[in-house]
Amino acid sequence: MAKVLLKGNEALAEAALAAGCRFYSGYPITPQTEILEYLSWRMEEVGGEFIQAESELAGINMVLGAAAAGARALTTSSGPGFSLKQEGISYLVAADLPAVIVDVMRIGTGLGDIAQGQGDYWQLTRGGGHGDYHTLVLAPASVQENADMMAEAFDLAEKYRHPVLIASDAAIGQMIEAVEIPEFKEHDINKFDWTIKGCKKGTEQRKIQNVYYTHPDYEGYLTEKYRQMEQEQRYETVQVEDAELVLVAYGISSRVCRETVEIAREEGLKLGLIRPITLWPFPVKAFEEAKAARAFLTVEMNILGQMMDDVKLAVGSGYPVDHYGSIFEIPESDGIIAKAKEMLKKEGK
Amino acid sequence: MRLVAPETVTFTQSGFCPGCGHGLAVRLIAEVMEEMELSEKLLAIVDVACGSLNIDSWRFDTIMAAHGRPIATAVGVKKVRPENPVMAYIGDGAAYSIGMAETMHTAIRNDNVVAIVINNSLYGMTGGQCAPTSLPGQITTSTPKGKDPKKAGMPFRVDQAFTGLDIAYLARGSMADAKGMMQSKKYIKKAFEKHMRGEGFCLVELLSPCPTNLNMTPVKSVERIKNEMIPFFPLGEFKDKKEEE
Ligand SMILES: Cc1ncc(C[n+]2csc(CCOP(=O)(O)OP(=O)(O)O)c2C)c(N)n1
Ligand code: SF4
Ligand SMILES: [Mg+2]
């Protein structure tokens, strides 16, 4: 397929259809609304079902029904709406149901604001709802990745019978780039026996409910399920091998950091970049490449430096880990380099 | 009078209390499905409340959805499997309190799903707290001095609230005696017939005993339905949209 110019949100919506998604229910909230608007006309064209739900709560629970019935089902939201989805995400996890949920992150707590942000990291990676769980989280950094990750998200969701989250943000959602939409794939709602379809006489009834009620070894089953999911670490590294200080950034921040590494190296400052593509599982394997590193700096669009927790767990207590935060705007290379120099100075360069 | 339960009633050890109305509703639904030859097609969505026990009491493919969300979940199911009958089975607390928005908007959209609402005038599963359907003066564990309509409002009547909406069917039956059971079964059947013709949202409310939380014998709790509930919750069909309308 030829390249077309699309907004990130629209590329994601079109790619969901290409991945065989034929059920969507969502609720308007900036900066994800273009996904809802796009699918409001486009879903019908491909013979799928679109519902503007009365709330995010209803939306996610419709998705749960559609997923149980065998569809590749999608819902999308941002900030306050993503919080309302947490009940349903917890239920999807509990009942071993695949679905894809997109959080086009905006800035701030409570209502916050509509500008890009990366403040939902904890909510995304720690299991944002109640209970004892993680979900796989993919973090695109471009419009093309917004498109490419949809099929991957649905495949992973089905592989593990588990919801998969996409951590996008306002910048990626709103910007326009050239993108190639992956080829259309058909999805068969009868592909899996476990989906509800009607119980034939003399066959076993299908029950979609908390696995806890039915699994003879619930604890062992879940321990093994999460152990396998933890192998799905995806990441990119940029000049990490000889870097004295390694930046850690995902999504739109990682694109800035890629450039930051180049600029710094022109000045003789050896920076590198680890870009987590999966936020959970966090790509701890990537840190093995950081053989020369003396410090780590996360670059995130939030105040508290939420990803530092995971970096500290990955590198252990021997290294300083700090955070360069930017809110209301995308981080800038100058500021990142200044912060990196300051950290290395403290380390006695 | 038939004495054999439909094949889809499992008779596994049931968690329902003796005299509970949920078991009666399971049987009515199973009979209707058998008579309409829909037993192998029905997709059921139950709430997490006492009706969740249905998942083991009947042999239909079933989802146990979140509290108050089964109707929304049913909408998702129906969109994916439009050929199958799809039923949400939920309590009065689920339908009219926490899930009121979902119930109301499914009605506003006239989505083609069946909702069976078990009105036992309280929150059964959590131990008998006040519900929107609790009667004035009703002693519950959260209204120990009796429900005060000035604070908690009058019992919610779906027949008053939903008749203005463009839905396919709305009826209320009682499960307090044989006559009520026969009538309720007719309503359930009619709802499924309309559903299978694609007419839209069908809601059947069933007045149901909960002896445990009313602190009554099973016999007393059905007498209460006749003497105290029906005066507040009239029986009958309130909306029966004709096909051609
Ligand atoms: C979000 C949420 N809030 C509260 C509960 C606890 N809860 C479970 S069932 C129930 C009430 C059930 O009442 P009703 O819907 O009338 O069903 P019944 O048991 O009376 O048939 C409540 C409050 C819950 N499971 N989830
Ligand atoms: S508590 Fe009430 S509604 Fe629940 S099973 Fe017992 S009698 Fe039935
Ligand atoms: Mg109740």
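Use the structure listed above.
These numbers were taken from a predicted model, which means no experiment stands behind them. Residue positions within a chain follow its written sequence, with the count starting from 1. Following the order in which they are written, the chains are lettered starting with A and the ligands numbered starting with 1. Owing to the predicted nature of the model, reporting of local features is limited to residues with pLDDT of at least 70; listing and counting of side-chain atom pairs is limited to 80 or more, with chain, interface and lining totals taken over all residues. Heavy atoms throughout the structure, all of them, feed into the side-chain values; hydrogens and water do not.

J.: Tell me about the site of ligand 1, residues and numbers included.
T.: The environment of ligand 1 is made up of 17 residues, and the closest members are His 22, Asp 92, Gly 93, Ala 94 and Gly 124 of chain B. For this purpose, a residue is taken to be near a molecule or strand whenever a single non-hydrogen atom of the residue falls within 4 Å of it. Two or more chains meet at ligand 1, and those chains are chains A and B. Any pair of N or O atoms that falls within 3.5 Å is considered a polar contact. Within protein, one atom must be able to donate a hydrogen and the other to accept it, and sequence-neighbouring residues count only if both atoms are side-chain atoms. Interatomic distance of 2.9 Å between a backbone N/O atom of Ala 94 of chain B and an oxygen atom of ligand 1. Residue Leu 122 of chain B places a main-chain N or O atom 3.1 Å away from an oxygen atom belonging to ligand 1. With residues, only the protein chains shown are counted as cover, and all accessible areas are computed by Shrake-Rupley using a 1.4 Å probe. With the chains in place, 77% of the 590 Å² that ligand 1 exposes on its own is no longer accessible.

J.: Any details on the sheet that holds strand β15 (residues 295-300) of chain A? Residues and values, ideally.
T.: Residues and elements named next belong to chain A. Read from one edge to the other, the open sheet built from 5 strands follows the order β11-β13-β12-β15-β16, with strand pairing classed as mixed. Lying at the two open borders of the sheet, with one neighbouring strand each, are β11 (235-238) and β16 (321-325). Strand-to-strand twist in this sheet, taken as the mean axis angle between neighbours without regard to direction, amounts to 20°. Here, any two strands with at least 2 DSSP bridges between them count as paired. Secondary structure elements follow DSSP: runs of H or I of four or more residues count as helices, runs of E of two or more count as strands, with numbering from the N terminus. As a rule, the C-alpha atoms of each element are fitted with a line to give its axis, helices using only the stretch in contact, and angles between N-to-C directions run from 0 to 180 degrees.

J.: Can you break down the nonpolar core residue by residue, with the values?
T.: Judged by nonpolar contacts, the single largest core of 120 residues is most densely connected at Leu 74 and Phe 296 of chain A. Residues lining this core come from more than one domain, with at least three contributed by each of domain 1 (4-229) and domain 2 (236-346) of chain A. Should any heavy atoms of two residues lie within 4.5 Å, those residues are considered in contact. Beyond its immediate chain neighbours, meaning those up to four positions away, Phe 296 of chain A contacts Val 246, Val 248, Phe 287, Ala 290, Val 311, Val 315, Tyr 319, Pro 320, Val 321, Asp 322 and Met 343 of chain A. Counting residues in hydrophobic clusters, the runner-up holds 37 residues, among them Val 32, Met 33, Trp 58 and Leu 206 of chain B. Nonpolar cores are built from buried Ala, Val, Leu, Ile, Met, Phe, Trp, Tyr and Cys residues. Side-chain atoms within 4.5 Å join them into one set. The rule is simple: take the accessible area with a 1.4 Å probe, protein chains only, and divide by the maximum for that residue type; under 20% is buried, over 50% is exposed, in between is partly exposed. Note that the domain bounds reflect an automated or database-derived domain assignment.

J.: Pulling in residues and values, what's your account of the site of ligand 2?
T.: Around ligand 2, the surrounding shell consists of Phe 16, Cys 17, Cys 20, His 22, Cys 50, Asn 120, Gly 124, Cys 210, Pro 211, Thr 212 and Asn 213 of chain B. In terms of residue count, helix α9 (residues 211-214) of chain B provides more of the shell around ligand 2 than any other element does, 3 residues in total.

J.: Give a detailed account of the layout of surface pockets, specifying residues and quantitative values.
T.: As defined here, a cavity is a set of points on a 1 Å grid over the protein atoms alone where a 1.4 Å probe fits but cannot get out. A pocket is an open set with protein on both sides within 12 Å along at least five of seven lines, and residues line them when an atom is within 4 Å of a point. Grid points are joined across faces, edges and corners, and a volume is the space filled by probe spheres set on the points. Of the pockets and cavities examined, the largest pocket occupies roughly 520 Å³. Considering the residues around the largest pocket, the lining is formed by 27 residues, among which Ser 90, Val 93, Ala 94, Asn 210 and Tyr 218 of chain A are closest to the centre. For the lining of the largest pocket, the secondary structure elements donating two or more residues are α5 (86-94), α9 (211-214) and α10 (218-229) of chain A together with β2 (61-64) of chain B. The dominant element in the lining of the largest pocket, judged by the number of residues it contributes, is α10 of chain A, at 5 residues. Under the scheme applied here, ten amino acids are nonpolar (Ala, Val, Leu, Ile, Met, Phe, Trp, Tyr, Cys and Pro), four are charged (Asp, Glu, Lys and Arg), and all others, including Gly, are polar. Per-class residue counts for the lining of the largest pocket are 18 nonpolar, 6 polar and 3 charged.

J.: Residues and numbers for the coordination of the magnesium ion (ligand 3), please.
T.: Around a metal, the ideal angle is 109.5 degrees if four donors adopt a tetrahedral arrangement and 90 or 180 degrees if six donors adopt an octahedral arrangement. All names here are of chain B. With water omitted from the atoms examined, metal sites may look incomplete; donors here are N, O and S atoms no farther than 2.8 Å from the metal, or 3.2 Å in the case of Na, K and Ca. Binding of the magnesium ion (ligand 3) to the protein goes through Asp 92 (OD), Asn 120 (OD1) and Leu 122 (O), at separations of 2.0 to 2.2 Å. Written as a sequence motif, the donor arrangement for the magnesium ion (ligand 3) is D-x27-N-x1-L. On the criterion of sequence distance, the pair formed by Asp 92 in helix α4 (residues 92-98) and Leu 122 in the loop between β4 (114-119) and α6 (149-152) is long-range, its members being 30 residues apart. Comparing Asp 92 with Leu 122 shows no difference in burial state: the two are buried.

J.: Tell me about the packing of helix α3 (residues 56-68) of chain A against α5 of chain A, residues and numbers included.
T.: When two helices pack together, their arrangement is given by the angle between the helix axes and by the axis-to-axis distance. All names here are of chain A. In the contact formed by α3 and α5, the axes pass within 8 Å of each other and the chain directions differ by 20°. By the angle between their axes, α3 is roughly parallel relative to α5. As for how α3 packs across α5, the hand of that crossing is right-handed. Contacts between α3 and α5 involve Leu 57, Ile 60, Asn 61 and Leu 64 from the first element and Glu 87, Gly 88, Ile 89, Tyr 91 and Leu 92 from the second. For classification purposes, angles smaller than 35 degrees are called roughly parallel, those larger than 145 roughly antiparallel, those between 65 and 115 roughly perpendicular, and all remaining angles oblique. Left-handed describes a crossing whose near helix is turned anticlockwise from the far helix by less than a right angle; the clockwise case is right-handed.

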